[in-house]
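Residue-level structural notes
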Amino acid sequence: MAERIAAKLEAALSPERLNVIDESHQHQGHGGWREGGETHFRVDIVSQAFAGKSRLDRHRLVNAALAQELAERVHALAIVARAPGEG
């Protein structure tokens, strides 16, 4: 699933930097967790697509790119989305 998330974000947002981390093991036994994991992810992405956009709009872009994954298996997605040159 992490590879699928990365591929979708690469295609949609052409990031300069992208890190997708499966944090499912940290949520075992909690809501949304399933046997086999791949339910909780953290995405750190830097893309020119975020320049001039609010935090909410940046998250909407990521969520739109991953709509299928969020509907199917991904229960939680933590997002850090920045434009080039930002912190």
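In this text, all values refer to a predicted model and were calculated from it rather than measured experimentally.

1. Regarding the nonpolar core
It is characteristic of soluble globular proteins that their nonpolar side chains tend to be buried jointly. Counting 17 residues, the largest nonpolar core has Ile 5, Leu 9, Ile 45 and Val 62 as the members making the most contacts within it. Listed by contribution, the elements that provide at least two residues to this core are α1 (2–13), β2 (40–46), α2 (55–65) and β3 (76–82). Other than its neighbours up to four places away in sequence, Ile 5 contacts Val 20, Phe 41, Val 43, Leu 66, Glu 69 and Val 74.

2. What about α1?
Because each turn of an α-helix spans 3.6 residues, side chains separated by three or four positions in sequence point in the same direction. The terminal C-alpha atoms of α1 lie 16 Å apart, and with 12 residues this matches the ideal 16 Å at 1.5 Å per residue to within 8%. All of the buried residues in α1 are Ile 5, Leu 9 and Leu 13. For α1, the angular spread of the buried residues around the axis is 30°, confining them to a single face. Seen from the buried face of α1, the exposed residues on the opposite side, beyond 90 degrees, are Glu 3 and Ala 11. Elements in contact with the buried residues of α1: β1 (17–22), β2, α2 and α3 (67–72). Phi for Ser 14, located one or two positions after α1, is positive at around 40°.

3. Describing the pairing of β2
Summarising burial for β2: 5 of the 7 residues are buried, a large majority. Relative to β2, β1 is paired through 6 bridges, and the arrangement is antiparallel. Counted as the bridge partner of Ile 21 is Arg 42 from β2. Two strands pair when backbone bridges link them, and β2 and β3 are joined in this way by 7 bridges, in the parallel orientation. Bridge assignment links Val 43 to a residue of β3, and that residue is Ile 79.

4. Points about the confidence of the model for the protein chain
When the pLDDT values of the protein chain are averaged, the result is 90; 85% of them are 70 or greater. Of all helices and strands in the protein chain, the one with the weakest mean pLDDT is α3 (95), whereas α2 scores best (98).

5. Examining the packing of α1 against α2
Two elements in contact, α1 and α2, have axes whose closest approach is 9 Å; the angle formed by their N-to-C orientations is 120°. In terms of orientation, α1 and α2 fall into the oblique class. As α1 runs across α2, the sense of the crossing is right-handed. For the pair α1 and α2, contact is made by Lys 8, Leu 9, Ala 12 and Leu 13 and by Leu 61, Val 62 and Ala 65, respectively.

Rules used in this analysis
Residues numbered from 1 in each chain as written. Predicted model: local features only at pLDDT ≥ 70, side-chain atom pairs only at ≥ 80, totals over all residues. Heavy atoms only, no water. Core = buried A, V, L, I, M, F, W, Y, C linked by side-chain atoms within 4.5 Å. Buried < 20%, exposed > 50% of the residue type's maximum accessible area, 1.4 Å probe, protein only. Helix = DSSP H or I, 4+ residues; strand = E, 2+ residues; numbered from the N terminus. Contact = heavy atoms within 4.5 Å. Expected span 1.5 Å × (residues − 1). Arc of directions from axis to C-beta. Pairing = 2+ DSSP bridges. pLDDT = per-residue confidence, 0-100. Axes fitted to C-alpha atoms, helices over the stretch in contact; angles between N-to-C directions. Parallel < 35°, antiparallel > 145°, perpendicular 65-115°, else oblique. Left-handed = near helix turned anticlockwise from the far one by under 90°.

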